[in-house]
Structure formats: structure tokens, C-alpha cells
Number of protein chains: 2
Amino acid sequence: MQLKNDLILRAARGEKTERIPVWLMRQAGRVLPEYRAVREKAGSFIKLATTPELAAEVTLQPVNILGVDAAIIFSDILVIPEAMGLPYEMEEKRGPIFPKIIQNQKDVDNLLIANGETDLNYVTKAIKIVKNELNDSVPLIGFAGAPFTIMAYMVEGSGSKTFSKAKKMLYTEPLLAHSLLEKITQSTINYLNAQINAGADLIQIFDSWAGILSPEQYNEFSLPYISKICEAITTVPKTVFAKGAFFARKDMAKLNCETIGLDWNMGIEESRRIIGENKTLQGNLDPCALYGTYDQIKKETISMLKQFGNHRHIANLGHGLYPDTQPDKIKCFIETVKEYSHIG
Amino acid sequence: MQLKNDLILRAARGEKTERIPVWLMRQAGRVLPEYRAVREKAGSFIKLATTPELAAEVTLQPVNILGVDAAIIFSDILVIPEAMGLPYEMEEKRGPIFPKIIQNQKDVDNLLIANGETDLNYVTKAIKIVKNELNDSVPLIGFAGAPFTIMAYMVEGSGSKTFSKAKKMLYTEPLLAHSLLEKITQSTINYLNAQINAGADLIQIFDSWAGILSPEQYNEFSLPYISKICEAITTVPKTVFAKGAFFARKDMAKLNCETIGLDWNMGIEESRRIIGENKTLQGNLDPCALYGTYDQIKKETISMLKQFGNHRHIANLGHGLYPDTQPDKIKCFIETVKEYSHIG
């Protein structure tokens, strides 16, 4: 099953491509009126994410409507705590809320190691539907949260500006934190392998809260678990995106992964210098740049492409799309990449 | 009027000191039960900040209770928009809310340039009371927000994870943003000079939301205005703390200021290398480190001191104290600095 458009896979592997591939974090989501219609029909975010037919439908929307070079399965990083026995609710304004949180070793012992095939079969079912519908047109990206980011929610119980409860555990009970991280890591490996078995063509690990850790803590509590996942996943290319972890770029270059995501705070040329030539870089336009006029978006996008230098680059934003972005502005970004990144 | 303890002033100027001076961002605040009692009496945060006798009382508390080497005037960075004609309310859970926001040139034109002596005389009055009570024991720090951070609130209308409305203005109406930033800058210079005239011995500029900007935007919309303030204030040492602006460290080294604040994401030795030897560095323990045991806090603090190398360093946290920190843990941090930073 040869993909008709395998630009992202080839770019990830460091092969020359005719042009730079492009997709957007949160491309399947609130920016699209077509998504909002399905979300309405589903009744709730969690219902949407756990109903394979609906999750598949919104996964496919940006491929058809925006013309991106990959689909990314519509899901949530917090399905892992859910599968481990820590369910969450999604409140419209507050975000995820966990009625139970992890406070001690007994709580960790009570957690299950998630079985990707059975506990998360609503995701693998959605992947199979998407793969069938895509009909080998573009690759499908599977994903999971990095263990530290998942742990942060499981200990904090909700989103937070500081995640001070979760970080407190790193200082006061490092062994407890490590035992929790280990269990999350095993669950995540199972989960990603299940996604790959169902058809995911590459996977991305999101360390969304990397930026709250000090360099030392990142090296102790986050990077080793990301590394374990990268070592365990051997059949598809892997992307690691650690938002805010500018200080870890040098160490991330040693990960057994193909692609490193950059946020918009990270200078492109500096990042290339720090990371070296052996990784593909993904990113990194500021999502707010898409609030500009078409001319401004074109200018910013071309400037980004030039800095990445048309090689080992997967064009994306430096963070997920903001919900009030206009679809036509997103198309302008995508079309500019397609038009201005031709090689030769 | 020679200060009995002028360690911070001498450290800022690069002179050798017997030991490293120490204070903590948000040392006057919710961590102290004594503060909470005065806050209760005042009835509201804004009432407390605008009543000189009460603001002076909570300013003095950490000097007496914790034994820090400086007082910092109890106030809020948002008094500047208030003085410019954009009042705010403080909601207990949500933080600051601006009923009116800045949307166009007419809104900017309607703003006043704050006169530090008259519009903000509740702050200068509080400073005079504090200086009198301190009786030249330790220096008093005055402060203001950096113009970009202030602008972010005036356009967004509240705190935000992304400040996407404020950033949208940078992309869509850069000239409008610059005219607003210019007016804030003039107001801030007036305000800081009024604080200095009233007795502030050094000043700090807080760019709390620096970290949401790309390196290019930071160089266009934030740093030039901080630089203007630094050039305009000539009589006391200046500290610039731009949280999250790791990418700007090299350029910040060129500011006409004595001290650069580091957050806990910024590697100490790397920051010294980037910034060079001509600035004092302030920081940068993770506020969450104070959740640890006394032994852990001591260990982390000594490790921090060693990395700074006992020279041109003002010990502090890498961000403000979190409200649930125990006062005895704060004392442990302070006493460790005092004990372990003796030179020679």
C-alpha cells in the first residue's frame, strides 16, 4: 500500500522531497465549521472522541477542506489516564477535570497498564475507518502525550498555569513520580503500538507542559521516558514536540526519533545549529500570525520557509491552531508552503 | 542617608559583597498569614494596593518576618493602565478584568500619559511611609511592568494563556501597537521616576508575558521600550526580568541596566555565558523547590549558589512565590543563602 502523497514520511526520514510537506496541529478541530457541526451532533467532546465514526469524520475534514499533507487522528492525550483507570470530564471553559487524582503509591499501584488494543479500541477503530477512507492518499499521524505531561494532569487534577501540585511531587516524592511515569510510559508504548497496528503511518509525542520544568528536572523526569517510547517504537517515524523545552534541544537531538517540533519561541537557525543535521525539524509559525492579512501570512510563511532552508523541514505552526482562526487564512498558510517550497 | 544593609545595591553595581543578597518576588503577599490579615481588613486587593498605610504595612512584613535584604513596594503592575484611564477589577479566581479595552487608535488617543506624582500618589505615599519605617535598614525596590506586558492586558482585557487578542494586534496593526506602547512607556518612566523621588533605591521592570512572543516580535515590540525606560532612569540601579525570554538574553545584555533576572528554565551557567560578565544576575530557584523538605531546599539552594559562583548574583526565585508556600520553607531558602554564600 504505497501512499500517493508520502512527502511527510520522506521528509521525516531526511530524503529530498519535491516540496516541503505541511500540516497543522489542531487542524481537526474548532477552527472548522464542519467540525463544530459534528461536535454539536456528538453532544460532548468526549463523546466525539470516543465514537469512532465521528472521530474519523472530523479527522478527515482538514484533508479534504484544507489540503494538508497528513491527517492526524482526532483524539485527546488524556485518553491514557482514562484507560489507566483515571477518568476525566471536559468542562467547556475550564478544560479537563479529574474527579480522582494520584496522591500516593497506593493510587499508582491501583492504576492499570493500558492495553492499547482493548482499552483504547475506540481510537484504533477510528484509525481503521480513517485509513480506509483516506485510501492511501496521505499518511495518518497517531499521537500520545509525553509521560510527564500526562502525569502533570493526573496529579494536578486539571489544567493549571503552574502545575504546582504536580511539580511538588517531583521535589517531595521523586520515587513516586518515577513509578507513575513508568506506568504511563508502558501504557503509552502499548497505545502507540496499537495505533500503528491499526494503520498510523507515523506518530507524534506531545510534551505540552515541558516548559514548566527546569533543565535538570526535564532531564530527570521527562526526557528519559520520551526516550523509552522512542526506543520501543521501531516501525514508523517519530516526532517529538516539547513545547517550551528550548533548554533540552541539544539532548533531544540524541533521541531515537526522526523529527523534532519547534515552538515559535525557538529561533529556527539557532535550533538547527543546536540540534544538528540528523533530524527533521517541524514547525514553527506563531499561531497568531494567521490573524494577519493574506499578504502578511504569505510574508511570514515565506520567511519561515527560508529560515528552515527547504530541507528536512515539515511545515507546521509552533503550537496548535487557535480556535478563532479563519479557515481561509489557514489555507493561505498551506498554499504558501506548497507554492514557495519547491526545490530546484 | 547610608543604608545599614546595602548588599543588593552593591551587588547590582558589580561590587564585591560579603555574601550574596537575597529577596523573593511576591515576598509581600499571600504566603504570609500577616499579609492575609491585612488583606482581609482592606476588603479587596485593589483597596489594599491603593491605601498607602496598608500597602506600606504589607511591604514591611517580609523584612521583619523573613529577614530579606530588601523590601519591594506592595503594588500591582496594572496601576499604570488605571492611571492612563483604563481601570480594572480584580476577581478572586479570574484575576484582573478590564471593563474597557484598547481596540483602535481613538482608544489610544483617549489614554492619558500618567503623571507619577499625582495619578499614582497612593504608591508614592506608601513608599514614603515604608522608607520612614525602614529607617535605612534595607533598600526599597520600586517596580513597573514592561510596556509589552501592560499592553497585553490593555488589549486582551484580562489574563490569558495565549494573549491571542493582544498578539493579533501586533500582526494586524503594528503601528497602533507601537503608539500604545509609546504611551505606556512614557507613563512608566514618569511612574518610576516618581517612585525614585519618593525614595525607591532601585527599580525592577517585570516583563511577565515576554515568553509569548517570538524572538523577532520581542525585538520589535518589547525590548526597545524596556531600553527606553532603562535609558531614562539614571539615578538608581535597574533590574529587568523578562520571564520566558530565553531567546533575548544576548540582546538584554546590551540594555542600560545593572541586573538581569533569570527564570528557572534558564540554565545559570549558559545564561552567564550568553549575557557576559557585565551584568548582575538575579534568580532563579524554581518556586516549587520550596515545597521540598528543609534538607531538599538547602541542597537545591546551595546548588543554585554554586552555579552562580558567588559573584554578581542576587539570590531570588525564578518567578514569584506560589501562595501555598510555607513561610518556614521560605526562611530556609533565605538562611541558606545567608549562610552558604560567604565569600572567602
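So, here is what we can say about the structure in this document. Each residue is numbered by its place in its chain's sequence as written, counting from 1. A letter from A marks each chain and a number from 1 marks each ligand, given out in the order of writing. In keeping with the predicted nature of the model, local features appear solely for residues at pLDDT of at least 70, side-chain atom pairs appear and are counted solely at 80 or more, and the whole-chain, interface and lining totals rest on all residues.

### Considering the overall build of chain A
A count of helical and extended segments in chain A gives 15 helices and nine strands. In terms of overall dimensions, chain A is globule-like: its C-alpha atoms have a radius of gyration of 19 Å, near the 20 Å expected for 344 residues. Overall, the C-alpha framework of chain A stretches about 60 × 45 × 40 Å when taken along its three principal axes. Exposure in this text rests on C-beta crowding, where 20 or more other C-beta atoms within 10 Å of a residue's own make it buried, 12 or fewer make it exposed, and counts in between make it partly exposed. The C-beta atoms are placed from the backbone. Classification of the 344 residues of chain A by burial places 56% in the buried group. In this description, any two residues whose backbone-derived C-beta atoms lie within 7 Å of each other are considered to be in contact. A fraction of 75% describes how many contacts in chain A between residues 6 or more apart in sequence connect residues 24 or more apart. Secondary structure counts use DSSP, requiring at least four H or I residues in a row for a helix and at least two E residues in a row for a strand, with both numbered from the N terminus. Only the C-alpha atoms count toward the radius of gyration. The rule for a globule is 2.2 Å times the residue count to the power 0.38.

### Examining the relation of the copies chain B and chain A
In screw terms, the move from chain B to chain A is a rotation of 180° and a rise of 0.0 Å along the axis, fitting with an RMSD of 0.0 Å. Given the turn and translation reported, the copies of this chain are related as if by a two-fold rotation axis. Comparing interface residues between copies, 100% of those in chain B also lie at the interface in chain A; the contact surface is shared. The atoms used to superpose the copies are C-alpha atoms, taken from residues with pLDDT of at least 70 in both, and the fit is least squares.

### So, the sheet that holds strand 5 (residues 202-207) of chain B
Residue and element names in this part refer to chain B. In this scheme, strands are said to pair when DSSP sees at least two bridges between them. An order of 1-4-5-6-7-8-9 is seen for the seven strands of this open sheet, with the pairing classed as parallel. A single partner strand is all that each edge strand has here, and the edge strands are strand 1 (71-72) and strand 9 (313-317). Docked against the sheet, helix 7 (residues 121-134) engages strand 1 and strand 4 (140-145), running at close to 155° with respect to strand 4. The axes used here are C-alpha line fits, helices contributing only the stretch in contact, and every angle between their N-to-C directions lies in the interval 0 to 180 degrees. Across the sheet, helix 10 (residues 174-198) lies against strand 4 and strand 5, angled at about 170° from strand 4, the strand it touches most.

### With respect to the interface of chain B and chain A
In this complex, chain B contributes 21 residues to the contact, which on the side of chain A involves 21 residues. Per-element tally for the side of chain B that touches chain A: the top contributor is helix 9 (residues 164-172) of chain B, with five residues.

### A short note on the sheet that holds strand 9 (residues 313-317) of chain A
Residues and elements named next belong to chain A. The seven strands lie next to each other as 1-4-5-6-7-8-9, forming an open sheet whose pairing is parallel. Every other strand in the sheet has two partners, leaving strand 1 (71-72) and strand 9 as the edge strands with one partner each. Alignment of strand 1 against strand 4 (residues 140-145), held across two bridges, turns out to be parallel. Of the residues in strand 4, the one forming a bridge with Ile72 is Ile141. On the sheet, helix 11 (residues 215-232) packs against strand 5 (202-207) and strand 6 (238-242) and is oriented at approximately 170° with respect to strand 5.

### Notes on the nonpolar core
Buried together is how nonpolar side chains tend to be arranged in soluble globular proteins. To form a nonpolar core, buried Ala, Val, Leu, Ile, Met, Phe, Trp, Tyr and Cys residues must be joined through C-beta atoms within 7 Å. Judged by nonpolar contacts, the single largest core of 246 residues is most densely connected at Ile73(A), Met151(A), Ile73(B) and Met151(B). If we skip the residues at most four places from it in the chain, Met151(B) touches Ala166(B), Ala177(B), Leu180(B), Leu181(B) and Ile184(B).

### Here's the deal with the environment of Lys299(B)
Examined against the element boundaries, Lys299(B) turns out to sit in helix 14 (residues 294-308). Residues Lys299(B) and Gly95(B), 204 residues apart in the sequence, show an inter-C-alpha distance of 34 Å.

### Remarks on the packing of helix 7 (residues 121-134) of chain A against helix 10 (residues 174-198) of chain A
Residue and element names in this part refer to chain A. Closest axis-to-axis distance for the helix 7/helix 10 pair is 8 Å, and the angle between their directions is 25°. Comparing their axes, helix 10 and helix 7 come out roughly parallel. In the crossing of helix 7 with helix 10, the sense of the turn from one axis to the other is right-handed. Contacts from Val123, Thr124, Ile127 and Lys128 in helix 7 reach Ala194, Gln195 and Ala198 in helix 10. Charged residues are taken to be Asp, Glu, Lys and Arg, nonpolar residues to be Ala, Val, Leu, Ile, Met, Phe, Trp, Tyr, Cys and Pro, and polar residues to be all remaining types, Gly included. A breakdown of the residues in the contact of helix 7 with helix 10 according to their chemical character gives four nonpolar, two polar and one charged. Should an angle fall under 35 degrees it is taken as roughly parallel, and over 145 as roughly antiparallel, whereas 65 to 115 is taken as roughly perpendicular and any remaining angle as oblique. Whether a crossing is left-handed or right-handed is set by the direction in which the near helix is turned from the far one by less than a right angle, anticlockwise for left-handed and clockwise for right-handed.

### Section: helix 9 of chain B
When helix 9 of chain B is considered as a whole, its buried residues turn out to be Ala166(B), Lys167(B), Lys168(B), Met169(B) and Leu170(B). Tucked inside the fold, the buried residues of helix 9 of chain B contact helix 8 (147-156), helix 10 and helix 11 (215-232) of chain B.

### So, the environment of Lys243(A)
Residue and element names in this part refer to chain A. The topology assignment puts Lys243 in the loop between strand 6 and helix 12 (249-252). Along the chain, Lys243 and Ile212 lie 31 residues apart, while their C-alpha atoms are 9.4 Å from each other. Filtering out sequence-adjacent residues up to four positions away, Lys243 remains in contact with Asp207, Ser208, Ala210, Gly211, Asp263 and His319.

### A word on helix 8 (residues 147-156) of chain A
Owing to its 3.6 residues per turn, the α-helix brings residues three or four apart onto one side. All names here are of chain A. In terms of burial, helix 8 is largely enclosed, as ten of its ten residues are buried. The set of residues buried in helix 8 consists of Pro147, Phe148, Thr149, Ile150, Met151, Ala152, Tyr153, Met154, Val155 and Glu156. Positive phi appears at Gly157, one or two residues downstream of helix 8, with a value of about 90°.

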